[in-house]
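An overview of the molecular structure
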Amino acid sequence: MTSKFQNSYLLCNLKSLLRVGQQGSTKALIWLLVAQSGLSLMVSGCSPTNSANSTVKPVSDQSQSSSTAQDSAPEKQTVVRIGYIKGSLSAIAKERGTLERELTPKNIKIEWVGTFPSFAPVLETINAKSSDLGAGGDIAGLSALSGGINACIIAYRPANRNSEGIVVHADSPIRKFDDLIGKKVIVNRGGISEHLLLKLLEKENIPKEKVSRVYMKPDEALPAWAVWDPWVATAELKYNARQIPLPAQVPHYSLYMVDRDALKQKSEAIREVIAILAKEAEWLNKNPQENQKVYQKVSGLPPEVVKRTFERRPVDGVLPLEPKVIADLQSAADWIYKQGIVQKRVEVRDALCPSS
């Protein structure tokens, strides 16, 4: 997915796709919608300090002069570049200025990069060494690890089982999951939506060949779309779309992933950012009205869409990896490998960031 993709483009295409459905196209319009939020954090190198004055001083003045030079010499500044997804935790933190307030006194500078529509372009920047840390959907993260990205998982966000769904136009004859047999469903390759569809087909004992998967990029005008909240709510409220009942739930997490080289160079700064974002998440959970207000401002979405989104929005969190989550991630990693979605198996424990 290209990082140049803009949300306004998504809305325009979503509107046009729904219009096609209303005009009686013989092809069912299906949207596989996956709520996924996320943030991405990036860290760069230190800037050099000025060298000390080497002029020789009298013995009686040398100690005082050295002390004065040390006091006046600027400390090295750590620059933390944060690439962020629109409407994510870090987008809200940016608006509130939380990281700047906490980290400026510690000589850590925040630079914001974005916005991005999903985790995929953030992972591309990590792989290209133009960013150092990011967050987003677990399947995209595991796929990147399978592809050889030099990154590790440092934290996670709780799974949200309420925002995932398969959405069709209100006039579609598709009413239940089995009605998808013989239809085309748009999914993102190697991402949460493809994982969701295939897992549900497996649970229902429906051969995956019975439902065609179409891989769609943002710049391709096809009669379907892969998207997530708040676009799920947008489709429902603005474009008269509806969700079909799912036969089961498939847990998905958001992963916070760090470039391994950056973690070695800027471990303290990265862990400071993670700790502050964790506190920010706690504050937002305790202040939902303020959370919605800031979210609406940074997303630019109508109040009714924001309200619907927050009804399904997962609890924010930046949490350390625990055994249950690691096991779930390993199960997902093994499954996407067996399905041929990725070419190399990921050992999740080997992909965890060192604790220090």
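Below: a short report on this structure.

Here is what the cut-offs are and how they apply
Residues numbered from 1 in each chain as written. Predicted model: local features only at pLDDT ≥ 70, side-chain atom pairs only at ≥ 80, totals over all residues. Heavy atoms only, no water. Helix = DSSP H or I, 4+ residues; strand = E, 2+ residues; numbered from the N terminus. Buried < 20%, exposed > 50% of the residue type's maximum accessible area, 1.4 Å probe, protein only. Contact = heavy atoms within 4.5 Å. Areas by Shrake-Rupley, 256 points an atom, 1.4 Å probe, with all protein chains shown as cover. Salt bridge = Lys/Arg side-chain N within 4 Å of Asp/Glu carboxyl O. Pairing = 2+ DSSP bridges. Right-handed = clockwise from strand over helix to strand, strands pointing away. Axes fitted to C-alpha atoms, helices over the stretch in contact; angles between N-to-C directions. Core = buried A, V, L, I, M, F, W, Y, C linked by side-chain atoms within 4.5 Å. Disulfide = S-S within 2.5 Å.

Quick word on the overall build of the protein
Scanning the protein for helices and strands turns up twelve helices and twelve strands. The buried share of the protein, taken over its 356 residues, is 51%. Within the protein, residue pairs in contact and separated by at least 24 positions form 83% of the contacts whose partners lie at least 6 positions apart. For the protein, the computed accessible surface area is about 16,900 Å², with 48% contributed by carbon and sulfur atoms.

Notes on the pattern of salt bridges
One pass over the full model with this rule turns up 18 salt bridges. When the shortest N-O distance is used, the salt bridge between R345 and D334 registers 2.9 Å. Taken together, the residues span a long stretch of sequence, with R345 in the segment after α12 (323-338) and D334 in helix α12 at a distance of eleven residues. With a relative accessible area of 38%, R345 lands in the partly exposed category.

Topic: the pairing of strand β9 (residues 212-215)
Sheet topology places strand β8 (residues 184-187) next to β9; four bridges connect them, and they run parallel. In the sheet register, I186 faces β9, and the bridge partner there is V214. In this fold, the crossover linking β8 to β9 by way of helix α7 (residues 192-203) has right-handed handedness.

Quick notes on the sheet that holds strand β5 (residues 133-137)
The sheet built from three strands is open, its strands ordered β5-β12-β6 with antiparallel pairing. Looking at strand neighbours, the two that pair on one side only are β5 and β6 (151-157), the edges of this open sheet. Strand after strand, the sheet turns through a mean of 30° between neighbouring axes, direction not considered. Direction of pairing for β6 relative to strand β12 (residues 254-259): antiparallel, over a ladder of six bridges. By the bridge assignment for β12, A155 is matched with Y256. Sitting on the sheet, helix α5 (residues 119-127) touches β5, β6 and β12, and the angle it makes with β5 is about 150°.

What to know about the nonpolar core
Counting residues in each nonpolar core, the largest one holds 48 residues, and the members touching the most others are L142, L145, F177, L180, L197 and M257. At the level of secondary structure, the elements contributing two or more residues to this core comprise α5, α6 (138-146), β6, β7 (165-169), β8, α7, β12 and α12. Per-element tally for this core: the top contributor is α12, with seven residues. Grouped together as the second largest cluster of nonpolar side chains are 37 residues, I154, W231, L263 and L301 included.

Here's the deal with the state of the cysteines
In a disulfide, the sulfur atoms of two cysteines are covalently bonded to one another. On inspection of all chains with the given rule, the structure shows one disulfide. With a sulfur-sulfur separation of 2.1 Å, C152 is cross-linked through a disulfide to C353. Since a negative S-S torsion denotes a left-handed disulfide, the C152-C353 link at about 90° is right-handed. Pair noted here: C152 is in strand β6 and C353 is in the segment after α12, with a separation of 201 residues, a long-range link. Like C353, C152 is buried.

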